[in-house]
Every structure is written in structure tokens, then in C-alpha cells.
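The lines below spell out each chain.
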Amino acid sequence: MPTSIIDGSIEAADLKRAKGGAAIFRSITFQQDDGGTRTIRNAVVKDNVAAELVPGARGRFYLYNAFDLKGVHGVRTVGGRDVYGFAGNNQKIFLILGIANIAWIALILFTRGGVPLLGVALLILSAVGYFFMSKGQREAQAQKATRITARRSPHS
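Residues numbered from 1 in each chain as written. Predicted model: local features only at pLDDT ≥ 70, side-chain atom pairs only at ≥ 80, totals over all residues. Heavy atoms only, no water.

What follows is about helix 2 (residues 89-112). One turn of the α-helix equals 3.6 residues, which is why residues spaced by three or four share an orientation. Between its first and last C-alpha, helix 2 extends 34 Å over 24 residues, near the 34 Å set by a 1.5 Å rise per residue. Count one or two residues on from helix 2 and you reach Gly113, which has phi positive near 80°. (Helix = DSSP H or I, 4+ residues; strand = E, 2+ residues; numbered from the N terminus. Expected span 1.5 Å × (residues − 1).)

Shown next, in the form of C-alpha cells:
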């Protein structure tokens, strides 16, 4: 379930910390319109979206699950305000790790004549992490595009 939607309200939002343009919540509890509750633990959210996640806030909440992260990437309030932000900091970290490992492998290859197995393993890990984070971001953006189209449709 890479992306999902919750219609309802925020019952509780326990902020752990906010740093670097992203907020990490210990938990966010939603009271769904159908009567059930749903709690997301260790949610990573961009600051602009986190500002909307306050107890009592009502609307449609767009969730994502990408590789090692889960959180809320968009909110449409009952007042019609639409906020989007995908927390892609880990994607950047995987990219930097991949580039650093390519440089390390090249350095060892030219200075010692061998390929470091740890460097290859970390390069594979960074490529897989970057791929899945990118996939999660594309799915979140596709969900955003779908909700913008639905909002503009005369039938919604």
C-alpha cells in the first residue's frame, strides 16, 4: 500500500521533532469518517503539511509508504485548502551515498587495483534505496495529480 487516503479528522498528533524542512511525528491518530480510527507511527512529513496536522483538523489526508518512510504527503481541508509536500530527504541521502561509493570504488580500483566489496554492497544498497524512494515520490505525485484533476472535474 504505497499511497492511501483517509477522510476524517486528526484526533491526536504527537510531534517528536522538526528539523531540516521535515517533521517527525511519534504518532498521528485519525478519526475516520466511517467511524474507525487509524494510527500512523514514526510519520515523516514536510513542514508545510505538518502545519495542517493539528488535532481537530478535518479533511482528506494523503498518506505514503516509500521504502523505509511513511507519512502524510498531502492534505485537503474541508475549507478547500490543498497542501502537498513529499519528504524526500532520504532520497537525497541515498543519491549522495551512491556517488560517494562510486568515487571510493574508483579510488581503490586505481590505487590498489581491486574493487572493495563493501563499496559495491553499499552502492547496491544506495541504488535500491534511491529507486524505492523515487518510486514512492512518483506515486505520491501521481496521487496529487489525480486529486487536482478530481477537484477541477465538474462531477466532484
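That covers the picture; the talk isn't over yet.
Turning our eyes to something else, we now look at the packing of aromatic side chains. Enumeration according to the criterion identifies three aromatic pairs in this entry. For the ring pair Phe30 and Phe61, a centre distance of 5.2 Å and an interplane angle of 55° mean the geometry is tilted. Within this pair, whereas Phe30 is found in strand 2 (residues 22-32), its partner Phe61 is found in strand 4 (residues 58-66), the two being separated by 31 residues in sequence. In this pair, the class of Phe30 matches that of Phe61, namely buried. Geometrically, the ring pair formed by Tyr64 and Phe86 is tilted, given 4.8 Å between the ring centres and 50° between the ring planes. Taken together, the residues Tyr64 in strand 4 and Phe86 in the loop between strand 6 (82-84) and helix 2 connect sequence positions 22 residues apart. One exposure class covers both Tyr64 and Phe86, and it is buried. (Phe/Tyr/Trp six-rings, centres within 6.5 Å; stacked < 30°, edge-to-face > 60°. Buried < 20%, exposed > 50% of the residue type's maximum accessible area, 1.4 Å probe, protein only.)

With that settled, the discussion passes to the pattern of salt bridges. If the charged atoms of two oppositely charged side chains come close together, the side chains can form a pair. Scanning all chains against the criterion turns up five salt bridges. Here Asp7 ties to Arg60 by a salt bridge, and the two come within 2.6 Å at their closest N and O atoms. On the criterion of sequence distance, the pair formed by Asp7 in strand 1 (residues 3-19) and Arg60 in strand 4 is long-range, its members being 53 residues apart. Assessed through its relative accessible area of 29%, Asp7 is described here as partly exposed. We classify Arg60 as partly exposed; its relative accessible area is 30%. (Salt bridge = Lys/Arg side-chain N within 4 Å of Asp/Glu carboxyl O.)

Any functional reading would require information that these geometric values do not contain.
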